[in-house]
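Close look at the chain arrangement
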Amino acid sequence: MVKATKQTVKQMKPRYEYISSAKLPTRFGLFNIHGFWDNTEKQEHIALSHGSWQASDTVPIRIHSECLTGDSLFSIKCDCGFQLEKAMQNIVEHGFGLILYLRQEGRGIGLLNKIKAYRLQDMGLDTVEANEHLGFDADLRDYHICKSMLDTLNVTEVELMTNNPKKLRALTDLGIKVVKRKAIDHGVTEYNKAYLQTKTNKLGHKFNLDKLV
Ligand SMILES: Nc1nc2c(ncn2[C@@H]2O[C@H](COP(=O)(O)OP(=O)(O)OP(=O)(O)O)[C@@H](O)[C@H]2O)c(=O)[nH]1
Ligand SMILES: [Zn+2]
């Protein structure tokens, strides 16, 4: 008989673990907050659900990457805060839906590096050039945890609120059926027009450029 050593027990732990859920009343309606843990990156992630569904239902979802400045500090330098708000409103209007809120601040470079990138943008670089100047790829995000979150929350088929084709591809590659993409091009300001233009031109976002003139 093979004795389980500390090492083998450690290896058996799944990468992503569901931790707990609780009610979260918000300005838009009642949500439930679900906590997940990434054992490899030692990172906390959350999902926010509203209403209920069957496994056979198409669930409207948004994969939202953390943006402390936009989501919590009311920044209008990007569109994140507006998108999060709109996604929550859309979900409540629909009656049910889900936000996967991933802690991938700054497209995966972290908050302090994002501040460095913002400083470079103050000096004239665009969002992609700034990342590259700091030695990072333009986008370092990983979406594997979405599969585990969606399995845990009984979702197999989604309508995805995004302008980012990479998120669509990532979900499809993980075996999630994406039946529709819903554009979420809200929150254009004088301060984020150039940023949205760069995302459209260099990162492949499907943004309605008419909204940027
Ligand atoms: N490195 C870097 N990250 C930024 C900058 N502006 C915003 N971000 C980050 O970009 C991410 C935006 O994520 P999302 O809201 O998911 O947006 P998206 O990938 O553009 O796709 P959709 O909004 O779904 O169309 C967040 O993690 C922000 O913190 C920037 O200038 N530099
Ligand atoms: Zn943002």
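Criteria and cut-off values
Think of each chain on its own: its residues are numbered from 1, step by step along the sequence as written. Just so you know, chain letters begin at A and ligand numbers begin at 1, following the order they were written in. Reporting in this predicted model follows two pLDDT cut-offs: at least 70 for local features of residues, and 80 or more for side-chain atom pairs to be given and counted; totals over whole chains, interfaces and linings ignore these cut-offs and use all residues. Only DSSP runs of H or I with at least four residues qualify as helices, and only runs of E with at least two residues qualify as strands; both kinds are numbered from the N terminus onward. Only the C-alpha atoms count toward the radius of gyration. The rule for a globule is 2.2 Å times the residue count to the power 0.38. Whether a residue is buried, exposed or partly exposed is read from the other C-beta atoms within 10 Å of its own C-beta, which are placed from the backbone; 20 or more gives buried, 12 or fewer gives exposed, and intermediate counts give partly exposed. Nearness rests on one distance test: the residue's C-beta atom, set from the backbone, must lie within 6 Å of the molecule or strand. Charged residues are taken to be Asp, Glu, Lys and Arg, nonpolar residues to be Ala, Val, Leu, Ile, Met, Phe, Trp, Tyr, Cys and Pro, and polar residues to be all remaining types, Gly included. If DSSP finds at least two bridges between two strands, the strands pair. Here an angle of 0 to 180 degrees is reported between the N-to-C directions of two axes, which are lines fitted to C-alpha atoms, with helices fitted over the stretch in contact. By the criterion used throughout, residues are in contact when their C-beta atoms, derived from the backbone, lie within 7 Å. UniProt positions are given in the numbering used here, feature names are shortened, and annotations may be inferred rather than shown by experiment. For a helix, the expected span equals 1.5 Å multiplied by the number of residues minus one.

Next up on the list: the overall build of the protein. The secondary structure content of the protein amounts to eight helices and seven strands. Relative to the globule expectation of 17 Å for 213 residues, the C-alpha radius of gyration of the protein, 18 Å, shows essentially globular dimensions. For the C-alpha atoms alone, the extent of the protein along its principal axes is close to 65 × 40 × 30 Å. For the protein, with 213 residues in total, the buried portion stands at 31%.

Further remarks concern the site of ligand 1. In the vicinity of ligand 1 lie 22 residues, with Ser 65, Cys 67, Thr 162, Asn 163 and Asn 164 positioned nearest. If you list the elements that add at least two residues to the shell around ligand 1, you get strand E4 (58-65), helix H3 (80-94), helix H4 (111-122) and helix H5 (127-133). The class makeup of the residues in the shell around ligand 1 is five nonpolar, eleven polar and six charged.

So, on to the pairing of strand E2 (residues 30-38). Of the pairings in the sheet, the one linking strand E1 (residues 16-25) to E2 comprises nine bridges and is antiparallel in character. From the neighbouring strand, Leu 24 faces E2, where its bridge partner is Phe 31. Here E1 hands over to E2 after four residues, with Gly 29 in that stretch at a positive phi of 155°. Remark: four residues form the turn of the hairpin made by E2 and strand E3 (residues 43-50), two consecutive strands paired antiparallel; Lys 42 in that turn has positive phi of roughly 50°.

The strand order across the open sheet built from seven strands is E1-E2-E3-E5-E4-E6-E7, with neighbouring strands paired in mixed fashion. If you trace the sheet from one side to the other, it starts and ends with E1 and strand E7 (177-182), each paired once. Strand-to-strand twist across the sheet, computed as the mean angle between neighbouring axes with direction ignored, equals 25°. As defined by bridge partners, E4 adjoins strand E6 (residues 157-161) across four bridges and the pair is classed as parallel. Directly across from Val 59, in E6, lies its bridge partner Val 158. Here H3 sits on the sheet and contacts E3, E4, strand E5 (97-102) and E6; the angle it forms with E4, its principal contact strand, is near 165°.

According to UniProt, the "domain: GTP cyclohydrolase II" (unreviewed entry) feature falls on residues 20-181. Taken end to end, residues 20-181 comprises 35% helix and 29% strand; its first and last C-alpha atoms sit 29 Å apart.

Quick look at H4 now. Over its twelve residues, H4 runs 16 Å from end to end, which matches the ideal 16 Å to within 8%, given 1.5 Å per residue. Positive phi appears at Gly 124, one or two residues downstream of H4, with a value of about 115°.

Under the present numbering, the feature "active site" (unreviewed entry) in UniProt falls on Asp 139 and Arg 141. For Asp 139, the position within the fold is in the loop between H5 and helix H6 (145-152). By C-beta crowding, Asp 139 is classed as partly exposed, having 18 other C-beta atoms within 10 Å. With sequence-adjacent residues up to four places away left out, Asp 139 is seen in contact with Arg 107, Gly 108 and Leu 203.

We now examine unusual backbone geometry. Residues other than glycine seldom take positive phi values, yet Lys 42 does so here, at roughly 50°. With respect to the secondary-structure elements, Lys 42 resides in the loop between E2 and E3. The backbone of Phe 74 sits at a positive phi, close to 65°, despite the residue not being glycine. Within the secondary structure, Phe 74 is located in the loop between helix H2 (68-72) and H3.

Time to look at the pairing of E5. The buried fraction of E5 is high, at six of six residues. Residues Gly 97, Ile 99 and Tyr 101 of E5 are buried on one face, and the alternating residues Leu 98, Leu 100 and Leu 102, pointing to the opposite face, are buried as well. Two strands pair when backbone bridges link them, and E3 and E5 are joined in this way by five bridges, in the antiparallel orientation. Following the sheet pairing, Leu 48 is matched in E5 by Ile 99. As defined by bridge partners, E4 adjoins E5 across five bridges and the pair is classed as parallel. Within E5, the position partnered with Arg 62 by the bridge is Ile 99.

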